[in-house]
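Spelled out from the first residue to the last, the chains are:
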Amino acid sequence: MSKASIVREWTRTYGSKCVGGSDDNAKAPPGSLMLYNSLLDEKVPFVPASGPGSKSLSWYTCGPTVYDVSHMGHARNYVTFDIIRRVLEDYFGYNILYVMNVTDVDDKIILRARRNYLLAKYKEGKHTDAEVKDFAEKAVQNSFAKQRAKLAEAEALVVTAMEEQEAAAADKKGVLQRQLNELEGAIKNEAHKLSQIQTALRALGHAGDSATIYAVASDFVAEELDREQGKSVTDSSIFRAHAAKYEAEFTQDMDSLGVRRPDVLTRVSEYMDEIVDYVKKIVDNGIAYESNGSVYFDTTNFRACGHTYGKLKPWAVGYSALAAEGDSNFETSEKRSNTDFALWKASKPGEPFWESPWGQGRPGWHIECSAMASTLIGSRMDIHTGGDDLRFPHHDNELAQAEAFYHNEGCHQWVKYFLHSGHLEIEGLKMSKSLKNFITIREALKSFSARQLRLLFVLQSWNKSMVYGEASRAEMKAREAQLKNFFQNIEVAVRGVDEITSCAKWQAEERDLSQKLQAVQNQVHEHLLDNLNTAAVMDTLSELIKSTNIYLSKKRESASAAAPAQPFLLRKVSTYVTRMLSMFGIVDASWDKPGFADAAGGAGDAKGAGYLDAFAAFRDEVRSLARTQADPKETMTACDRVRDVALVELGVRLEDRPDGKAIWKLDDPAVINAEQQDRADKTASEARSFIHGGVQSTEY
């Protein structure tokens, strides 16, 4: 399927003025918001489905499949789209109906709940260490054989794809190259999984007691138990409790990260009637068929009815190796075509089920989103979002289902803009539970604050892959330090100043800073129009901060000048920076209160008592030294001690100035302590280098 055919589908539904081809981009009026639309794989003018002047948007985002803990890959997706939502709502003024689903009925949930239950029961049994080890070795060996076969299959697909790419016509090579690139990526993933199994096998050889064996191989043991006994698990409450537990944890994690809650939250288990009706209408429209109690989407007849299948990722159609992890419907003798997929799955032993016209069963993975979004939004949606791994098959199948459902209404394009967040990579691989290379959100929050993690994502392009590595984390910390220092410098400059009496005629420095602010405001606007380029916005704000720091430095150096730093201007600059950071969710407080709320807020009663205790203790020490006529160096040591210990514990950074007047700033005690430790380590290292150099010099 060519890109031109997708453009025609989009044109037919939304009109040529909304088309995202290159000619239309050239005609886009100045000041148009441009968004990267995955349907066309390029930036296109953003125009609401209800018309150019409309400020009303409908937005559906794929929520979590609640079978396990949330990790930083999830944070990448949900924080990223929270930032985009905030910009569209708070900056561009759109009124958004924001709908998110929770998948609480799914193959992954069923398998994980069942395996956890069976593993717990197995551990309760009276098995010797030798019996546990024998069973674990069998389980790991079975997983190894299965994974080795998957890797071989992926390698064979790559060989075939390479041959097809070499023989293809010039106009087909680009699409086939993307297919080849993704298949090669799939090989890396499958090879990584095989390597992990081999590592487990080696570790198992050295494991003696049951606790160590479970630590190495519990996942494999659970999988083997499920293969042997999974059909015996019939208590539906096991599956409900499992999903409810991880939904609650996901919600807590999102709250911890400051993600705005959706306007509507939908659960699959609560929309069964709507899902059954949705499937029934697709069957009635002749684009789905029943087979042994299951219902499958008929991709062949879908195309025959004038629709296009595989709009988002055409090169992946029919390739199970390129499907998202949650799809398991490729191999079955019940389907008419290998590209058909399940809308309704007939009940099997060991699975929850619901009643339907086709017998007991449960929904397929994709149908839930089409049915729930159609129920709440209808036949025309502005924005649909999710991780890039959901392009195919999930989002492509969602589109097909909705077009089939609305076929008689002439629907050929259900979603106008598909936005996909880039992967979060670690050590060259996508962070994923199946690859077991993930860092949970809760683990990450032990090392970084929610603000730091949000900064991490703001500093990246939202639709491109990013690396969770030392370089990105270092940049995030450096930017946070710059922002903190900026707000602290502003607060110091205006502290205790009568803003009215300090107001004076602007000099060249004030005019220059004001012009810089206006230029930055224009640049920020242009960056946001350009695919919501938050990274460029942060770079532009950084330049404004540098200009402001230079202005303050000049004013300090010329303290005897006719006019001090102008507080009105400083507040205007800091308020603008705060407004932008607040829009991104980096600042919690209202944007009209400049600065980080946690660093500049007033001290409460407990903290106030701490300050007074520190002052009283310092006074007592100085008085004692004076009474005993101690060496003045001891008094200086006491001054250093209150600066480096007592005040640090209270989150106060006391900085000595050349003119002998110290200034104070509020900061996180852990940050100040870390800086002190870094300085101490550097001093010790320099001392060792000096001594080592001195010893060497005496040998010659």
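Conventions adopted
- Starting from 1, residues in each chain are numbered consecutively following that chain's sequence as written.
- Where totals are concerned, whole chains, interfaces and linings use all residues; where local detail is concerned, this predicted model gives features only for residues with pLDDT of at least 70, and gives and counts side-chain atom pairs only at 80 or more.
- Only hydrogens and water are removed before side-chain values are computed, so all heavy atoms of the structure are retained for them.
- The secondary structure listing takes helices from DSSP runs of H or I that are at least 4 residues long and strands from runs of E that are at least 2 residues long, numbered from the N terminus.
- Three labels apply to residues, based on accessible area from a 1.4 Å probe with only protein chains included: buried if under 20% of the type maximum, exposed if over 50%, partly exposed otherwise in between.
- Whether two residues are in contact is decided by their heavy atoms: any pair within 4.5 Å suffices.
- Only the protein chains shown count as cover for residues, and all accessible areas are computed by the Shrake-Rupley method using a 1.4 Å probe.
- The convention is simple: Lys and Arg are positive, Asp and Glu are negative, and His and the chain ends are not counted.
- Charge positions come from single atoms, namely NZ of Lys, CZ of Arg, CG of Asp or CD of Glu.
- Helix axes are fitted only over the stretch in contact, all axes being lines through C-alpha atoms; the angle between N-to-C directions runs from 0 to 180 degrees.
- Any angle that falls under 35 degrees is termed roughly parallel, while one over 145 is termed roughly antiparallel, one within 65 to 115 roughly perpendicular, and all others oblique.
- Here the term charged refers only to Asp, Glu, Lys and Arg, the term nonpolar to Ala, Val, Leu, Ile, Met, Phe, Trp, Tyr, Cys and Pro, and the term polar to all other amino acids, Gly among them.
- Here a strand pair is declared whenever DSSP counts at least two bridges between the two strands.
- Only protein atoms enter the 1 Å grid, on which a cavity is a set of points fitting a 1.4 Å probe that cannot get out and a pocket is an open set with protein on both sides within 12 Å along at least 5 of 7 lines, lining residues being those with an atom within 4 Å of a point.
- Grid points are joined across faces, edges and corners, and a volume is the space filled by probe spheres set on the points.
- As a per-residue measure, pLDDT tells how confident the predictor is, with possible values from 0 to 100.
- Any two rings among Phe, Tyr and Trp, with Trp reduced to its six-membered ring, count as a pair given centres within 6.5 Å; such a pair is stacked if its planes are under 30 degrees apart, edge-to-face if over 60, and tilted if neither.
- Placement of a charge over a ring requires the Lys NZ or Arg CZ to be within 6 Å of the ring centre, with the centre-to-atom vector within 35 degrees of the ring normal.
- The criterion is simple. A nonpolar core is a set of buried Ala, Val, Leu, Ile, Met, Phe, Trp, Tyr and Cys residues joined through side-chain atoms within 4.5 Å.

### Section: the overall build of the protein
(1) Moving on: Across its full length, the protein carries 23 helices and 16 strands.
(2) Moving on: Taking the principal axes of the C-alpha coordinates as reference, the protein spans close to 95 × 75 × 60 Å.
(3) Moving on: By residue count, 49% of the 700 residues in the protein fall in the buried class.
(4) Moving on: Considering only residue pairs separated by 6 or more positions, the protein has 75% of its internal contacts joining residues 24 or more positions apart.
(5) Moving on: Here the protein displays about 32800 Å² of accessible surface, and carbon together with sulfur accounts for 51% of that area.
(6) Moving on: Between the mean site of the 86 positive side-chain charges and the mean site of the 99 negative ones, the protein shows a separation of 3 Å.

### A few points about the packing of helix 9 (residues 272–284) against helix 11 (residues 367–376)
Each packed pair of helices is defined by two parameters, the angle between the axes and the distance between the axes.
(1) Moving on: Two numbers describe how helix 9 lies on helix 11: the axes approach to 9 Å, and their chain directions differ by 100°. Judged by the inter-axis angle, helix 9 sits roughly perpendicular to helix 11. Where helix 9 approaches helix 11, its residues E274, I275, Y278, V279 and I282 are matched on the opposing element by I367, E368, S370, A371, S374 and T375.
(2) Moving on: Tallied by class, the residues present in the contact of helix 9 with helix 11 amount to 6 nonpolar, 3 polar and 2 charged.

### With respect to the sheet that holds strand 10 (residues 381–387)
(1) Moving on: Within the open sheet, the 5 strands sit side by side as 5-4-3-10-11. Their pairing is parallel. Every other strand in the sheet has two partners, leaving strand 5 (264–267) and strand 11 (415–421) as the edge strands with one partner each. When the angles between neighbouring strand axes are averaged without regard to direction, this sheet yields 20°.
(2) Moving on: Bridge analysis of strand 3 (residues 56–61) against strand 10 gives 3 bridges, and the strand direction is parallel. From the neighbouring strand, W59 faces strand 10, where its bridge partner is I383.
(3) Moving on: Sheet contacts for helix 3 (residues 72–91): strand 3, strand 4 (95–102), strand 10 and strand 11; angle to strand 4, the most-contacted strand, approximately 165°.

### Comments concerning the sheet that holds strand 13 (residues 429–430)
(1) Moving on: Read across the sheet, 3 strands follow the order 13-12-14 without closing on themselves; strand pairing throughout is mixed. Because the sheet does not close on itself, it has two edges, and the strands there are strand 13 and strand 14 (466–467).

### Here we look at empty space enclosed by the protein
(1) Moving on: Applying the stated criterion across every chain yields a total of 3 cavities of 30 Å³ or more.
(2) Moving on: For the largest cavity, the lining is made up of 40 residues, of which H71, H74, K108, D389 and L390 are closest to its centre.

### A few points about the confidence of the model for the protein
(1) Moving on: Of the residues in the protein, 90% have a pLDDT of 70 or more, and the chain-wide mean is 88.
(2) Moving on: Predicted confidence is poor over residues 15–26, with pLDDT under 50, and the contacts of this stretch with residues over four places away or in other chains come to 24 contacts.
(3) Moving on: In this model residues 695–700 is a low-confidence stretch, pLDDT under 50, and it forms 0 contacts with partners more than four residues away in sequence or in other chains.

### Remarks on the packing of aromatic side chains
We describe a pair of aromatic rings using the distance from one ring centre to the other and the angle between the two ring planes.
(1) Moving on: In this structure the tally under the stated criterion is 16 aromatic pairs.
(2) Moving on: Relative to F341, the ring of F297 has its centre 4.9 Å away and its plane inclined at 15°; by these criteria the two rings are stacked. A residue pair is termed long-range when its members are at least 10 positions apart, and F297 in strand 7 (residues 294–297) and F341 in strand 8 (residues 341–346) qualify at 44 residues. Here the two residues F297 and F341 agree in accessibility, since each one is buried.
(3) Moving on: Note on F405 and Y406: the rings are 4.9 Å apart at their centroids and 90° apart in plane angle, and the pair reads as edge-to-face.
(4) Moving on: Note on F405: relative accessible area 13%, which makes it buried.
(5) Moving on: Here Y406 falls in the buried class, since its relative accessible area comes to 9%.
(6) Moving on: Of the aromatic side chains, those joined through ring pairs into one cluster are W59, F81, Y98 and W462.
(7) Moving on: Looking at K55, its charged tip hangs above the ring of Y94, at a distance of 4.4 Å from the centre.
(8) Moving on: In this structure, K281 packs its charged tip against the face of F405, placed 4.2 Å from the ring centre.

### Some thoughts on the nonpolar core
(1) Moving on: Counting residues in each nonpolar core, the largest one holds 82 residues, and the members touching the most others are Y60, Y278, I282, F297, L343 and W414.
(2) Moving on: Apart from residues lying up to four places away in sequence, Y278 is in contact with I367, S370, A371, S374, Q401, A402, F405 and Y406.
(3) Moving on: Counting 77 residues, the second-largest nonpolar core is a separate cluster that includes I383, F448, V458 and V587.

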